[in-house]
Every structure is written in C-alpha cells, then in structure tokens.
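Tertiary structure, described
In case you want the letters, here they are:
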Amino acid sequence: MQVFVTGASGFIGAAVVTQLLDAGHHVVALARSPQSAERLTAQRADVHPGDLDDPDSLRAAAKAADGVIHLAFQHGEPYDQAAGADRRAIAAIGDVLAGSGRPFVVTSGTLLLAPGRVGTEADPPDPASPGAARAGAEQTALALADRGVRVSVVRLAPSVHDQVRRGFVGALIDTAERTGISAYVGDGSQRWPTVHRQDAARLFRLAMDSAPAGSVLHAVGEDGVRLRAIAEFIGGRLGIPVRSVPADQAEAHFGRLSSVVGTDAPASSIATRRLLGWQPSGPGLLDDLAHGRFFTEAQR
Ligand SMILES: NC(=O)c1ccc[n+]([C@@H]2O[C@H](COP(=O)([O-])OP(=O)(O)OC[C@H]3O[C@@H](n4cnc5c(N)ncnc54)[C@H](OP(=O)(O)O)[C@@H]3O)[C@@H](O)[C@H]2O)c1
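Residue indices begin from 1 for each chain and proceed along its sequence in written order. In keeping with the predicted nature of the model, local features appear solely for residues at pLDDT of at least 70, side-chain atom pairs appear and are counted solely at 80 or more, and the whole-chain, interface and lining totals rest on all residues.

The 7 strands are arranged S3-S2-S1-S4-S5-S6-S10 in an open sheet whose pairing can be described as parallel. Only two strands of the sheet have a single partner each, and these edge strands are strand S3 (46–49) and strand S10 (215–219). With strand direction ignored, the average angle separating the axes of adjacent strands in the sheet is 25°. Contacts here follow a simple rule: the backbone-placed C-beta atoms of the two residues must lie within 7 Å. The axes are straight lines fitted to the C-alpha atoms, using for helices just the contacting stretch, and the angles between their N-to-C directions are given from 0 to 180°. Under the DSSP-based scheme used, a helix requires at least four consecutive residues in state H or I and a strand at least two consecutive residues in state E, with every element numbered from the N terminus. In the packing of helix H4 (residues 79–97) onto the sheet, the strands contacted are strand S4 (67–70) and strand S5 (103–109), and the crossing angle to S4 comes to about 175°. Only strands that DSSP links by at least two bridges are regarded as paired with each other.

Below you can see the structure in the form of structure tokens.
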C-alpha cells in the first residue's frame with residue numbers, strides 16, 4: 001500500500017515509517033523543509049513537500065494514497081492554535097478520503113480524558129482535562145466514519161519514551177537541571193501512562209492495516225507510573241534533592257508543564273489489545289530511564 005504520513009520526520013513518526021517499510025508498505029512523507037526531506041529520504045521514504053497550513057498540499061498527497069497516518073503537530077505554537085491547525089488538516093484529508101473506504105489513522109492523546117480515574121477507549125474527551133483542546137480533532141476524525149472513511153484515532157499516552165531525552169520526561173529532566181531540584185506536585189501520587197515508542201509505532205501500523213471504522217485506540221503500555229517515582233529516579237541520577245512542590249506553586253516551578261504535571265491521568269488499553277491483538281513489549285519508562293541516554297551530554 002502507498003501510505004501518506006504527516007509528522008514522519010518527528011520522534012514517533014520516524015518509528016512509524018520504519019514499521020510501515022518493514023511491513024512492505026510504500027511511504028510518502030510530508031516534509032515542510034529541506035532538512036526534514038533529507039531525513040525522510042535517508043529513511044527510504046518518498047517526500048511530499050507541503051505544510052499542515054497548506055490544505056492543498058495535504059489533499060494532493062491524500063488523493064494519491066491508499067491510506068493516511070496523521071502525526072504532525074505544531075508543538076512550538078500555542079496549544080489552542082496548534083489544535084486548530086490539526087483539526088483543519090484532518091478535515092482537509094478527510095474530504096479527499098470520503099466515500100473511499102480507505103484507512104485514515106489520526107493522532108490524539110489520553111490527556112483529553114477526565115483525570116482521577118483510569119480512562120478507557122470508550123470514554124469521551126473531558127472539557128476540563130489538560131488535553132481538551134484536541135477534542136475537536138477527535139470529533140472531526142470520528143465523524144468521517146459516517147462518510148465512508150475507515151478512520152481510527154490513536155490516543156497516545158503522554159509519556160511516549162525511548163532511550164533518548166524527549167517528551168514529558170525529557171522536560172522533567174530539563175526542569176530538574178535548571179532548578180537544581182527534582183520536584184513532584186503534592187504527594188507525587190499522580191499516575192502517568194506511558195508507552196514505548198516502538199510499541200506505539202506498531203499500533204499505528206496495525207490501525208492502518210485493520211482497525212474498523214470509528215475505532216478509538218489507546219497506545220498505553222503502562223497504565224500509570226507515579227510522578228514521585230519518576231522524580232526520585234531523576235533526582236538520584238542527577239544527584240540533586242527530590243522535593244514536593246505545593247500545587248499552588250507548581251506553575252512557578254514547572255512553567256508550561258504545570259497543568260499536566262499535577263494531573264492524575266491513568267489510562268488503560270485493554271480494549272485496544274483485544275481488538276487488534278496489540279501487545280506492548282518494549283521496556284517500561286523507568287527501565288528506559290535506567291538504561292537509556294537521557295542523562296548524557298549528547299541528548300541536551
Ligand atoms: N512524544 C510524546 O510523548 C507524545 C505524547 C502524546 C501525544 N503525542 C502526539 O504524537 C504526535 C507526534 O509527536 P512527536 O513526539 O513525534 O512530535 P515531534 O517529534 O515534535 O514531531 C512533530 C512532527 O510534526 C511536523 N510538523 C510540525 N509542524 C508542521 C507543519 N506546520 N507542517 C508540517 N509538518 C509539521 C514536524 O516536522 P519537522 O520535522 O519539519 O519539524 C514533525 O515531523 C503529535 O501529534 C503529538 O502531539 C506525542
């Protein structure tokens with residue numbers, strides 16, 4: 001199959017491209033810069049120049065593809081703005097795929113579920129959750145099931161990890177280094193779902209190959225690792241104090257991370273495993289922290 005992938009040059013996208021190529025698919029990847037195009041070519045993907053903000057570029061590639069995986073997200077922009085661009089990109093691709101029965105796998109996150117309880121695939125987005133801005137993208141995607149698209153949504157755990165300093169835990173390490181304290185909020189009992197990058201990539205490939213229209217899938221390997229356990233590990237490795245920060249001082253300490261760091265957001269993937277036979281097999285987050293390159297100069 002020819003698969004159009006957006007965000008293929010990113011942390012998770014690169015692993016998805018490898019999965020697709022290894023399974024015998026042909027990958028056409030969106031690239032918004034010559035640097036990204038070079039990385040993608042080195043990965044043996046064909047490059048489609050374009051941008052999330054250029055719907056015509058998305059439509060043209062989607063039209064020529066047998067399936068689409070959408071991972072690109074404007075992480076440097078204000079969250080609401082990036083979420084709006086995401087929703088518009090999904091709508092543009094969906095218009096082209098409508099009536100074709102072709103697969104369309106869209107990225108979301110478990111952070112849009114109600115905090116304080118184990119979120120499942122059947123749970124709808126919660127307007128008060130830290131990830132609520134992405135609810136519109138999910139709704140736009142899932143509505144395509146009624147328009148003849150084999151659409152599925154993959155909600156990623158907020159900690160997608162591998163042996164490099166990236167994502168949520170990478171930002172926690174950066175904060176610990178900057179402040180000289182490895183902090184947690186309150187009693188640190190907040191639970192953080194995690195998934196290994198390779199397991200997440202395999203789920204995207206499985207979704208493209210066989211998820212029924214309208215599926216909501218959870219890329220969750222561990223339902224919830226406690227924030228305090230993560231902070232203790234980081235403090236131990238950096239040789240700095242591990243301390244609690246009261247909730248009302250979390251913003252001053254963690255900055256942009258504060259709204260998510262203090263949230264208890266566990267999630268499960270039982271239904272996903274049953275539906276697609278997906279079985280996460282990568283190391284857990286604390287294992288990756290113990291054996292990876294999170295703490296080496298090269299990762300800063
Ligand atoms: N990493 C995590 O822990 C995590 C957790 C939950 C959800 N997610 C979600 O998973 C998806 C992939 O995340 P990631 O960690 O792989 O992100 P990433 O490493 O930051 O990669 C983002 C990708 O989006 C592309 N992109 C950004 N703005 C674009 C634009 N205007 N036009 C076209 N492409 C654009 C980037 O292209 P360039 O190479 O040109 O920059 C890159 O390929 C995102 O939706 C993210 O929010 C990630």
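From this point on, the discussion continues.
So, on to the sheet that holds strand S9 (residues 191–196). Taken together, 3 strands build an open sheet; the order of strands is S7-S9-S11 and the sheet is mixed. A strand with exactly one partner marks an edge of an open sheet, and here the two such strands are strand S7 (159–161) and strand S11 (222–226). Shown here is a sheet whose adjacent strand axes are inclined to one another by a mean of 45°, direction ignored. Those strands touched by helix H7 (residues 197–210) are S7 and S9, and its axis lies near 70° from that of S9.

Domain annotation for the chain reports domain 1 (2–159 + 194–222) and domain 2 (162–193 + 223–266 + 283–299). A domain assignment, automatic or from a database, supplies the domain bounds used here. Between the C-alpha centres of domain 1 and domain 2 there is a distance of 26 Å. Of the residues lining the interface, 18 residues belong to domain 1; the matching set on domain 2 comes to 19 residues. Of the residues belonging to the side of domain 1 that touches domain 2, the class tally is 9 nonpolar, 7 polar and 2 charged. Put simply, Ala, Val, Leu, Ile, Met, Phe, Trp, Tyr, Cys and Pro go in the nonpolar bin, Asp, Glu, Lys and Arg in the charged bin, and everything else, Gly too, in the polar bin.

Looking at where Val27 falls in the secondary structure, it is placed in strand S2 (residues 26–31). Whether a residue is buried, exposed or partly exposed is read from the other C-beta atoms within 10 Å of its own C-beta, which are placed from the backbone; 20 or more gives buried, 12 or fewer gives exposed, and intermediate counts give partly exposed. Residue classification places Val27 among the buried residues on the basis of 25 C-beta atoms within 10 Å. Note: C-alpha distance between Val27 and Arg44 (17 residues apart in sequence) is 8.1 Å. Contact partners of Val27, with chain neighbours within four places excluded, come to Val3, Val5, Ala8, Val17, Leu20, Leu21, Ala45 and Asp46.

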